[in-house]
Amino acid sequence: MGCYLDVEKMARWFYRFVRVAWLLLPQSRHWGFKWQPSRRCCKFQLSKEQQSFTAEVIFGVRQGDSEIFVGSQGTAAGVASTTWLETCAVAEAKFLGHISRQAPQDSCHCKCLQLLSHSLLGVGFSSYTLKTVLTHLLSTIPLARWCRMDFPQCLLEILEFLLCSLQTKRLSHFVIGNQSFPLDISLPSDLRLAQPLNLFEHLASHQDAHLKAVQEYNALLHGLKQLLVHSH
Ligand SMILES: *[C@@H]1O[C@H](CO)[C@@H](O)[C@H](O)[C@H]1NC(C)=O
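Every residue gets a number counted from 1 within its own chain, in the order that chain's sequence is written. Thresholds applied to this predicted model are a pLDDT of at least 70 for local features of residues and 80 or more for the giving and counting of side-chain atom pairs; totals over whole chains, interfaces and linings are not thresholded and use all residues. For the side-chain quantities, the full set of heavy atoms in the structure was used; hydrogens and water were omitted.

A. Structural view of the overall build of the chain. Runs of E in the DSSP output that reach at least two residues are strands. Runs of H or I that reach at least four are helices, and both are numbered from the N terminus. In terms of helices and strands, the chain carries eight helices and six strands. The dimensions of the chain, computed from C-alpha atoms along their principal axes, are 50 × 50 × 40 Å. Only protein chains enter the calculation, and the probe is 1.4 Å; a residue is then buried if its accessible area is under 20% of its type maximum, exposed if over 50%, and partly exposed in between. The buried share among the 232 residues of the chain stands at 38%. By definition in these notes, contact holds between two residues if any of their heavy atoms fall within 4.5 Å. Contacts in the chain between residues far apart in sequence, at least 24 positions, make up 58% of those at least 6 positions apart.

B. Spotlight on the layout of surface pockets. Taken as a whole, the largest pocket holds about 150 Å³ of empty space. Secondary-structure elements contributing two or more residues to the lining of the largest pocket are α7 (201–205) and α8 (207–230). Per-element tally for the lining of the largest pocket: the top contributor is α8, with four residues. Residue classes follow a fixed rule: Ala, Val, Leu, Ile, Met, Phe, Trp, Tyr, Cys and Pro count as nonpolar, while Asp, Glu, Lys and Arg count as charged, and any other residue, Gly among them, counts as polar. A per-class count over the lining of the largest pocket returns six nonpolar, four polar and two charged. Points on a 1 Å grid, built from protein atoms alone, make a cavity when a 1.4 Å probe fits but cannot get out and make a pocket when they are open with protein on both sides within 12 Å along at least 5 of 7 lines; residues with an atom within 4 Å of a point are the lining residues. Grid points are joined across faces, edges and corners, and a volume is the space filled by probe spheres set on the points.

C. Up close: the packing of helix α5 (residues 151–168) against α8. Angles shown run from 0 to 180 degrees and are taken between the N-to-C directions of axes, each axis being a line fitted to C-alpha atoms and, for helices, limited to the stretch in contact. Orientation of α5 relative to α8, taken along the N-to-C sense of each, is 170°, at an axis distance of 11 Å. When the axis of α5 is compared with that of α8, the two are roughly antiparallel. Residues Leu155, Leu159, Glu160, Leu162, Leu163 and Leu166 of α5 touch α8, and the partners they reach there are His210, Ala213, Val214, Tyr217, Leu220, Leu221, Leu224 and Leu228. Should an angle fall under 35 degrees it is called roughly parallel, over 145 degrees roughly antiparallel, and 65 to 115 degrees roughly perpendicular, with every other angle called oblique.

D. Region of interest: the sheet that holds strand β1 (residues 32–36). A pair of strands counts as paired when DSSP detects no fewer than two bridges linking them. Spatially, three strands are ordered β1-β2-β3 in an open sheet, and the strand pairing comes out antiparallel. Two strands in the sheet have a free side with no partner beyond their single neighbour: β1 and β3 (51–57). Direction aside, the axes of adjacent strands within the sheet are offset by 20° on average. Bridge count between strand β2 (residues 42–48) and β3: seven bridges; the pairing is antiparallel. Counted as the bridge partner of lysine 43 is glutamate 56 from β3. In this fold helix α1 (residues 7–23) packs onto β1, β2 and β3, with an angle of close to 25° to the strand it touches most, β2.

E. Spotlight on the side chain of glutamate 216. As for its placement among the helices and strands, glutamate 216 is situated in helix α8. On the accessibility criterion, glutamate 216 (17% relative accessible area) is buried. Sequence-distant contacts of glutamate 216, that is, excluding residues within four places in its chain, are made with Val123, Gly124 and Phe125.

F. Spotlight on the nonpolar core. What we call a nonpolar core is a set of buried Ala, Val, Leu, Ile, Met, Phe, Trp, Tyr and Cys residues that are connected through their side-chain atoms within 4.5 Å. Residues Phe125, Trp146, Leu162 and Phe181 are the most contacted members of the largest nonpolar core, which totals 44 residues. Of all the elements in the fold, those that place two or more residues in this core are α2 (89–102), α3 (109–119), α4 (127–138), α5 and α8. Sorting elements by how many residues they give to this core places α5 first, with seven residues. In contact with leucine 162, other than residues within four places in its own chain, are Phe125, Thr129, Leu130, Val133, Phe200, Tyr217 and Leu220. Ranked by size, the runner-up nonpolar core spans nine residues in total, among them Ala11, Cys42, Phe59 and Trp84.

Below you can see the structure in the form of structure tokens.
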């Protein structure tokens, strides 16, 4: 047996480290600091009077010099504390960073993602699904069209793409198996050449899951309409 990294032990070590460091900061006199126990990450809550916010620290180990990490994210029950899951989150963030630098200043793509993530509460689509849809659209729709005036139009485009993916039961992972992923974002070569990954694979093989996803789509659409009506 070789060595292994245990997420839980690491989280405890990190927590002790942060708690000591926190007491040395002047802010510690005015802000309450609470640790929210979590097995796979470090969650802290800072609060002062009516204000409060939560910070979540996820640990990651980089694979070589690539932008792919194995991370401590994921809360699925029964995941051993020594299991680390591969994540493309950093590569995706780099891609979105590229786009944001090229996009017009008043581009609404972040606003779209925020609004959609917000309306996800209580609806079954993961924010990862929506982020993937948005990334696909950002690389196909000319960036100039994402300006703020077109906000409802952008939302519609996202929903239409999502509907189309639902109907065809196919949503390609943006990084894994994408041979056109920008070369200046470093990936392990086997990832680029891998079989493209369908994030909706489970919908293709399970009729019930597909039906449920369509219902969730309708709920999402309904929620958004309400939100748009109330904000006008
Ligand atoms: C692969 O990445 C490029 C961006 O470099 C994007 O235009 C394309 O849509 C992506 N393809 C897939 C199948 O994800």
